[in-house]
Number of protein chains: 2
Amino acid sequence: MIEPILARRSIRVYTEEPVTEPEITKLLEAGMAAPSASNKKPWHFVVVTDRETLDRLSEYGSHWQMLKEAPLSIVVCGDPSISEKYWVQDCSAATENILLAISMMGLGAVWLGCHPRPERVGPTKELLGIPDPIEPLAVLSIGHPAEEKEARTQYDEGRVHRGRW
Amino acid sequence: MIEPILARRSIRVYTEEPVTEPEITKLLEAGMAAPSASNKKPWHFVVVTDRETLDRLSEYGSHWQMLKEAPLSIVVCGDPSISEKYWVQDCSAATENILLAISMMGLGAVWLGCHPRPERVGPTKELLGIPDPIEPLAVLSIGHPAEEKEARTQYDEGRVHRGRW
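Scope of this entry: the structure provided in the associated data block. (Residues numbered from 1 in each chain as written. Chains lettered and ligands numbered in written order. Predicted model: local features only at pLDDT ≥ 70, side-chain atom pairs only at ≥ 80, totals over all residues. Heavy atoms only, no water.)

### Structural notes on the nonpolar core
To keep things clear, this is the line we draw: What makes a nonpolar core is a set of buried Ala, Val, Leu, Ile, Met, Phe, Trp, Tyr and Cys residues whose side-chain atoms join them at distances within 4.5 Å. For every residue, the accessible area (1.4 Å probe, protein chains only) is compared with the maximum for its type, and the residue is labelled buried under 20%, exposed over 50%, or partly exposed between those bounds. Residue contacts are counted whenever heavy atoms from the two residues lie within 4.5 Å of one another.
Counting 74 residues, the largest nonpolar core has F45(A), I74(A), F45(B) and I74(B) as its most contacted members. What F45(B) contacts, discounting residues up to four positions off in sequence, is R159(A), V160(A), H161(A), L28(B), M32(B), I74(B), V75(B), V76(B), A94(B) and I98(B).

### Section: the packing of helix α2 (residues 21-31) of chain B against helix α4 (residues 87-104) of chain B
The packing of two helices is summarised by the inter-axis angle and the distance between the axes. Residues and elements named next belong to chain B. Selection rule: Helix axes are fitted to C-alpha atoms over the stretch in contact, other axes to C-alpha atoms as well, and angles between N-to-C directions run from 0 to 180 degrees. Put simply, DSSP H or I for four residues or longer makes a helix, DSSP E for two residues or longer makes a strand, and each gets a number counted from the N terminus. For classification purposes, an angle smaller than 35 degrees is called roughly parallel, one larger than 145 roughly antiparallel, one from 65 to 115 roughly perpendicular, and anything else oblique. Handedness of a helix crossing follows the sense of rotation of the near helix relative to the far helix, less than a right angle counterclockwise being left-handed and clockwise being right-handed. Think of it as three bins: nonpolar holds Ala, Val, Leu, Ile, Met, Phe, Trp, Tyr, Cys and Pro, charged holds Asp, Glu, Lys and Arg, and polar takes everything else, Gly as well.
In the contact formed by α2 and α4, the axes pass within 7 Å of each other and the chain directions differ by 140°. The pairing of α2 with α4 is recorded here as oblique in orientation. Between α2 and α4 the crossing geometry is right-handed. Here L27, A30 and G31 of α2 come into contact with α4, specifically with A94, N97, I98, A101 and I102. Residues that form the contact of α2 with α4 fall into these classes: 6 nonpolar, 2 polar and no charged.

### Overview of the pairing of strand β2 (residues 72-78) of chain A
Residues and elements named next belong to chain A. Our working rule: Note on pairing: DSSP must find at least two bridges between two strands before they are called paired.
Here β2 lies mainly inside the structure; 7 of its 7 residues are buried. Judged by which residues are buried, β2 turns out to be covered on both faces: L72, I74, V76 and G78 on one side and S73, V75 and C77 on the other are all buried. Strand direction decides the pairing type here: strand β1 (residues 43-48) and β2, joined by 6 bridges, are antiparallel. By the bridge assignment for β2, W43 is matched with G78. By the bridge criterion, 7 bridges tie β2 to strand β4 (residues 135-143) in an arrangement that is antiparallel. Pairing of V76 across the sheet is with A138, part of β4.

### Quick notes on the sheet that holds strand β2 (residues 72-78) of chain B
The strand order β5(A)-β1(B)-β2(B)-β4(B)-β3(B) describes an open sheet built from 5 strands, whose pairing is mixed. Looking at the sheet topology across the chains shown, the edges are occupied by β5 (160-162) of chain A together with β3 (108-113) of chain B. Strand-to-strand twist in this sheet, taken as the mean axis angle between neighbours without regard to direction, amounts to 20°. Relative to strand β1 (residues 43-48) of chain B, β5(A) runs parallel, the two sharing 3 bridges. Following the sheet pairing, V160(A) is matched in β1(B) by F45(B). Sheet strands touched by α4(B): β1, β2, β3 and β4 (135-143) of chain B. Its angle to β4(B), the strand with the most contacts, is close to 5°.

### A word on the relation of the copies chain A and chain B
Taken together, a rotation about one axis and a shift along it account for how the two chain copies relate. Inclusion rule: C-alpha atoms of residues with pLDDT of at least 70 in both copies form the basis for the least-squares superposition of the copies.
Taken as rigid bodies, chain A and chain B are interconverted by a rotation of 180° and an axial shift of 0.0 Å, the fit giving an RMSD of 0.0 Å. Both chain copies can therefore be described as sitting about a two-fold axis. Of the interface residues in chain A, 100% have counterparts in chain B that sit at the interface too, so the contact is made through matching surfaces.

### Thoughts on the interface of chain A and chain B
Inclusion rule: What counts as buried area is the accessible surface, traced by a 1.4 Å probe, that two parts surrender upon association, with contributions from both included. The salt bridge definition used is simple: a Lys or Arg side-chain nitrogen within 4 Å of an Asp or Glu carboxyl oxygen.
At the junction of the two partners, chain A supplies 68 residues and chain B supplies 68 residues. Buried area between chain A and chain B, both sides added, is near 5,900 Å², and the carbon and sulfur share of it is 60%. Counting the surface chain A buries against chain B, the share from its top three residues, Q89(A), R159(A) and W165(A), is 14%. The interface formed by chain A and chain B holds 2 salt bridges in total. E21(B) is the salt-bridge partner of R162(A), the closest N and O atoms lying 3.0 Å from each other.

Pasting the structure below:
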């Protein structure tokens with residue numbers, strides 16, 4: 001029953017096939033179906049398909065090189081002025097929704113962390129014209145998978161505390 | 001295709017039917033299938049089914065009263081000493097996975113925010129014996145749904161920026 005959740009894996013190699021506009025819209029619908037504190041929805045999404053922009057973006061993180069092969073990035077951003085305490089949690093839930101939708105639709109992606117590293121946030125904001133006080137939280141590298149991975153959990157009983165810690 | 005994501009809604013009313021141990025294990029498998037930065041998995045889960053403990057927990061947040069009817073809470077916790085920069089994001093992704101699994105399995109739940117509010121974090125840690133430096137991020141109120149809600153997105157084109165902001 002929870003197979004679609006276990007099937008989501010980080011996919012870092014892609015074919016050259018583009019992701020279509022209707023597919024991109026589905027991914028954004030999934031993102032904006034996430035819960036948020038007091039339903040404030042403190043999120044924005046920058047959709048990047050331009051080859052040159054993706055290539056430049058790939059240089060801003062130490063493990064972002066797969067963006068050079070990806071036909072699509074969705075940059076999930078948060079607005080702390082809408083929800084100072086919970087924007088990171090809310091935007092992370094939206095990000096996970098998008099990643100699960102990607103997997104359900106036969107696409108592949110990997111979550112590249114941006115916030116809170118200033119050396120990633122600064123150049124990403126400048127490249128994409130993201131205004132203050134908006135923060136880019138997660139850069140998603142997305143495409144059609146050129147690698148296969150098996151479904152899995154990483155269940156660890158040592159992380160489970162029953163009744164109390 | 002993304003219907004299971006749109007079908008997840010916040011459910012705040014429950015029947016008296018308990019959630020079984022195999023169901024709880026499935027939820028934790030879903031949580032621990034989430035991605036995490038550098039795969040550090042900075043999460044812990046406290047599983048609460050004791051009536052008295054759930055009743056006391058319900059008093060610690062301004063909108064936590066539905067815990068009085070819930071047969072189960074999973075308290076998702078993070079360990080900042082494992083991943084100082086990304087534990088909130090990673091644990092939020094795990095939380096969203098659990099919420100989606102709950103919905104897929106015909107259960108219902110609502111995400112109650114704990115971190116970073118000290119007036120919620122302190123009493124929750126004390127009640128459940130959560131040691132330093134562990135932080136309770138999210139308190140999930142879980143049960144069999146006694147209310148129905150339709151699937152939906154909250155898609156808003158105004159939050160989408162194509163090419164650049």
